[in-house]
Structure formats: C-alpha cells, structure tokens
Amino acid sequence: MDYASYDHPSKQSFDEYGRSVKNGAKRNPQDLEGDGEFCVFTTVRWDPMLIKSSENAAASCNQSCPIYMLEHHWTRLQVAKWSTSFTRSSPAELLRQLLTAVQHWLAKNPNQHVDALRLKHKVYADSRTVTDIMPVPRIPIEQLFPSTLGRPTDPPPSPEWQIYLDDRPTEVSETTMYKTSERFCYDRARATAGIESYVERKEVLLFNPEGEIMDGSITSVYFWRDGQWVTPESMSGGQQGTTRRWTLQKKLCIEGKIFASDLKDGEVIWLSNASKGYFRGRFVSSPNQARATDDQP
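Residues numbered from 1 in each chain as written. Predicted model: local features only at pLDDT ≥ 70, side-chain atom pairs only at ≥ 80, totals over all residues. Heavy atoms only, no water.

## Quick word on the overall build of the chain
Okay, step 1: When its secondary structure is counted, the chain shows eight helices and 13 strands.
Okay, step 2: In the chain, of all internal contacts separated by at least 6 residues, the share reaching a separation of at least 24 is 66%.
Okay, step 3: Summed over its atoms, the accessible surface of the chain is roughly 13400 Å², and 52% of this surface lies on carbon and sulfur atoms. (Helix = DSSP H or I, 4+ residues; strand = E, 2+ residues; numbered from the N terminus. Contact = heavy atoms within 4.5 Å. Areas by Shrake-Rupley, 256 points an atom, 1.4 Å probe, with all protein chains shown as cover.)

## Here's the deal with the pattern of salt bridges
Okay, step 1: Applying the stated rule across the entire model yields 19 salt bridges.
Okay, step 2: Salt-bridge contacts for Glu160 lead to Arg280; the nearest nitrogen and oxygen are separated by 2.8 Å. On the criterion of sequence distance, the pair formed by Glu160 in the loop between helix 4 (141-144) and strand 6 (161-165) and Arg280 in strand 13 (residues 277-283) is long-range, its members being 120 residues apart.
Okay, step 3: For Glu160, a relative accessible area of 25% corresponds to the partly exposed category.
Okay, step 4: The class for Arg280 is buried, based on a relative accessible area of 2%.
Okay, step 5: Between Lys202 and Glu200 there is a salt bridge, with the nearest N and O atoms lying 3.4 Å from each other. (Salt bridge = Lys/Arg side-chain N within 4 Å of Asp/Glu carboxyl O. Buried < 20%, exposed > 50% of the residue type's maximum accessible area, 1.4 Å probe, protein only.)

## Some details on the sheet that holds strand 11 (residues 254-256)
Okay, step 1: Pairing in this open sheet of eight strands is mixed, and the strands run 8-7-6-13-12-9-10-11 from one edge to the other. In this open sheet, the two strands that pair with only one neighbour each are strand 8 (213-216) and strand 11. Going from strand to strand, the sheet's axes swing by 40° on average, the running direction of each strand aside.
Okay, step 2: In terms of strand pairing, strand 10 (residues 228-232) meets strand 11 through three bridges, oriented parallel. (Pairing = 2+ DSSP bridges. Axes fitted to C-alpha atoms, helices over the stretch in contact; angles between N-to-C directions.)

## Observations regarding unusual backbone geometry
For residues that are not glycine, phi is negative in most cases, and the peptide bond is trans in most cases.
Okay, step 1: Despite not being glycine, Met69 has its phi angle at roughly 55°, a positive value.
Okay, step 2: Position of Met69 relative to the elements: it lies in the loop between helix 1 (54-58) and helix 2 (70-84).
Okay, step 3: Notably, Asp226 is not glycine yet its phi reads approximately 55°, a positive angle.
Okay, step 4: You can see Asp226 is positioned in the loop between strand 9 (220-225) and strand 10.

## Focus on helix 7 (residues 242-249)
Since the α-helix packs 3.6 residues into each turn, any two residues three or four apart lie on the same face.
Okay, step 1: Every buried residue belonging to helix 7 is among Thr242, Thr243, Arg244, Trp246 and Thr247, and all of these are buried.
Okay, step 2: Backbone geometry just downstream of helix 7 places Lys251 in the positive-phi region, at approximately 60°.

## Some details on the pairing of strand 9
On a regular strand, each side chain points to the face opposite its neighbour's, so the side chains alternate between the two faces of the sheet.
Okay, step 1: The pairing of strand 9 with strand 12 (residues 268-273) spans four bridges and is antiparallel. Each bridged residue has a counterpart across the sheet, and for Ser220 the counterpart in strand 12 is Ser272.
Okay, step 2: In this structure, strand 9 lies alongside strand 10, joined through three bridges in antiparallel fashion. Counterpart to Arg225 in the pairing with strand 10 is Gln228.

Next up, the structure:
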C-alpha cells in the first residue's frame, strides 16, 4: 500500500513505562509534533522485516533490530540533547523505551494487523519520554536501504512527489539544526506552499538568508549536480537527518551548497526520512500551477 494513500488512524501515546498518555492539544491542523511542551524528538520506523536485514543491523549498533537505523536515531537525540542540556542516554536504553511502547501498543490493539509502526519518540527536559505510535504500510526493503539513487533519467520506482520552494528565507537556528517541538518555520512553509496534510505526496524546501537550501519540511533532500547526488551541507543550517547520515556514510551522495536560484522546474530530487525511507520527487516552480493541475477533472 502506498504511504500517501494510507488513512492514518488516531495515534496512541505511551510513556517510558508503557503507560498510556493522552494526546495533547495540537497547535494547528498539520501539527503531529507538538503537545505544547518543549521536547527533542526523533521519528522512527518499527518494522519486523528489519530484523533479518544486515544493513539495518550495521546501522543499529551491529545488532539485529526491528528499529530502522537505531544507532543514527540515538546519535541524533544525543546531539539535540547536548544542545539543550538534556540528560543523555545509551542506545540500549533508547531501544528498551521504543520496544516497551511497541509492546504496549500491540497489547492494546490485538485485533489490528499491522505491517509496521511509526514511532515519534519525544524526550523532555525532566528526562520523561513519550512515544506516539501509529500504523504505517509495508514498503520494500530496497526503499529503506537503496544500493544507489541512480540517475535523474531513470524511471521512478514509485509515484513521484511534488516539491516546492518556500516563498521566504528561514533564519538558521537550533530550531532548524535539531529536531525539536518548535516546528513553526516548517509548519509555516508547508501552509504557504498549500500542503494541507502529511499524507499528501508534497514537500517544501526551506532556504537560508544566503539563498542556500537547508532541507525539506519533513525530509532530507538530494540534488543531481555535476554527475552526482548532493545533499545540502550542514553549514547551510538544516537538520542532519538519520537517513542523510546513512546516505553520506554509504557514499550515495556528497555534501555541498545548493542554491535556491539554481533549481529548475521539473528537476528530479530524491527525498528520504526515517518513516518512509527513500522516494523521488520533482521540483515544481509554482505551487499555484500545481494546485490548478490537481483541480482539473
């Protein structure tokens, strides 16, 4: 089942002891992240298929694991915690917290068959953790661990996303460099681009005051430049996503400056995140033009 056509059920949340936690009030209709209290977080895929994956074991502290790229999620959280003076933890503790939440979700939903789960693991200043959980559809292992991103001329492996450019620059800050509950710049960019739901196959690119692309609102991004895939360099101010770390480690891309002024209408851009793996899109220079096309019978 394609992710964009998947109808999200209500999410359920569990603390580090497996106790149910009521969902907080949302700050806006798109906000899947905030419950009103500041936290750092990472979004994780739980998928039993990953237990047999040697690639996932290598990205999970060299152990068989149903969590997609566990070690990279732990690293991301430690960097974010260091920047906010939060207490740090071990990969084993993170794995325990995630699996405890999954076990309690499965126990509360015995009649619901799921292929995989999306876990949003939040860590608060007092060391509390809350994990929001919702089912997501199965995707092939090749989409989680591609051996190559190919070339822009290759046929797309799945339906392509529409990718827009934000209409104004975003100042570089800890909010853009680390994954925290302060998501205003991303929410604003998505709303400005006319993206109404996280299940739409649409993404928006944020750029800094120097005109350098930082990243996408929910994805890491890769551009074809001079015969290779290039992801925006960390100095541009974007987040160092888990799949981005893996892509660089595997030498499927390099870092470099990507300027918004160089984007071409219709150019192929690869996207990735820790829930959906890797997927392809095309740049659309005018969101209004794309919406007009969507409205045609």
